[in-house]
Amino acid sequence: MNEFGNRLKKLREQRQMTLRYLADLAGLSYSFIASLEKGRYNPSRETICALAAALEADKNELLILAGYLPNETVDRAISSPTSNKPTREHSLEILLQEQVSFNGVRLSVEDKNALLAFMQTMFSLRK
């Protein structure tokens, strides 16, 4: 099991829901939810939001446990810059020194190096 799966199971059990009942509420299959609880699959954002709504749980907590940025962070990142707050610039190299995930999968050192190499190639082609 993983953190997301453990928390999902705990929330379901706290609400005294069966897998089938939660599946019906969330519009998912009970076998898929069982697999999520066991850590076999990485859920999509849409799946996490459906589960959070059915469980009446904090979707941002579940998003974080699954390796995603919380919705508030995503919303701020894609919103138009209407405020007068200065934006912080982040170095990709420094960000990649932390634990980073993409689509719920943690990036390995090799993944991070490949990403940096890809970015270097892309920027060299722009010149």
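Use the structure listed above.
Overview of the structure. (Residues numbered from 1 in each chain as written. Predicted model: local features only at pLDDT ≥ 70, side-chain atom pairs only at ≥ 80, totals over all residues. Heavy atoms only, no water.)

The next thing to look at is the overall build of the chain. Across its full length, the chain holds 8 helices and 2 strands. Taken from N to C terminus, the helices and strands of the chain fall in the order α-α-α-α-α-α-α-β-β-α. Sorting the 127 residues of the chain into buried and exposed places 26% on the buried side. Within the chain, counting contacts between residues at least 6 apart in sequence, those at least 24 apart form 49% of the total. Summed over its atoms, the accessible surface of the chain is roughly 9300 Å², and 52% of this surface lies on carbon and sulfur atoms. (Helix = DSSP H or I, 4+ residues; strand = E, 2+ residues; numbered from the N terminus. Buried < 20%, exposed > 50% of the residue type's maximum accessible area, 1.4 Å probe, protein only. Contact = heavy atoms within 4.5 Å. Areas by Shrake-Rupley, 256 points an atom, 1.4 Å probe, with all protein chains shown as cover.)

To continue, consider the environment of Gln 97. Topologically, Gln 97 is positioned in the loop between helix H7 (92-95) and strand S1 (101-102). By relative accessible area, which is 64% here, Gln 97 ends up exposed. For Gln 97 and Val 109, which are 12 residues apart along the polypeptide, the C-alpha to C-alpha distance reads 9.0 Å.

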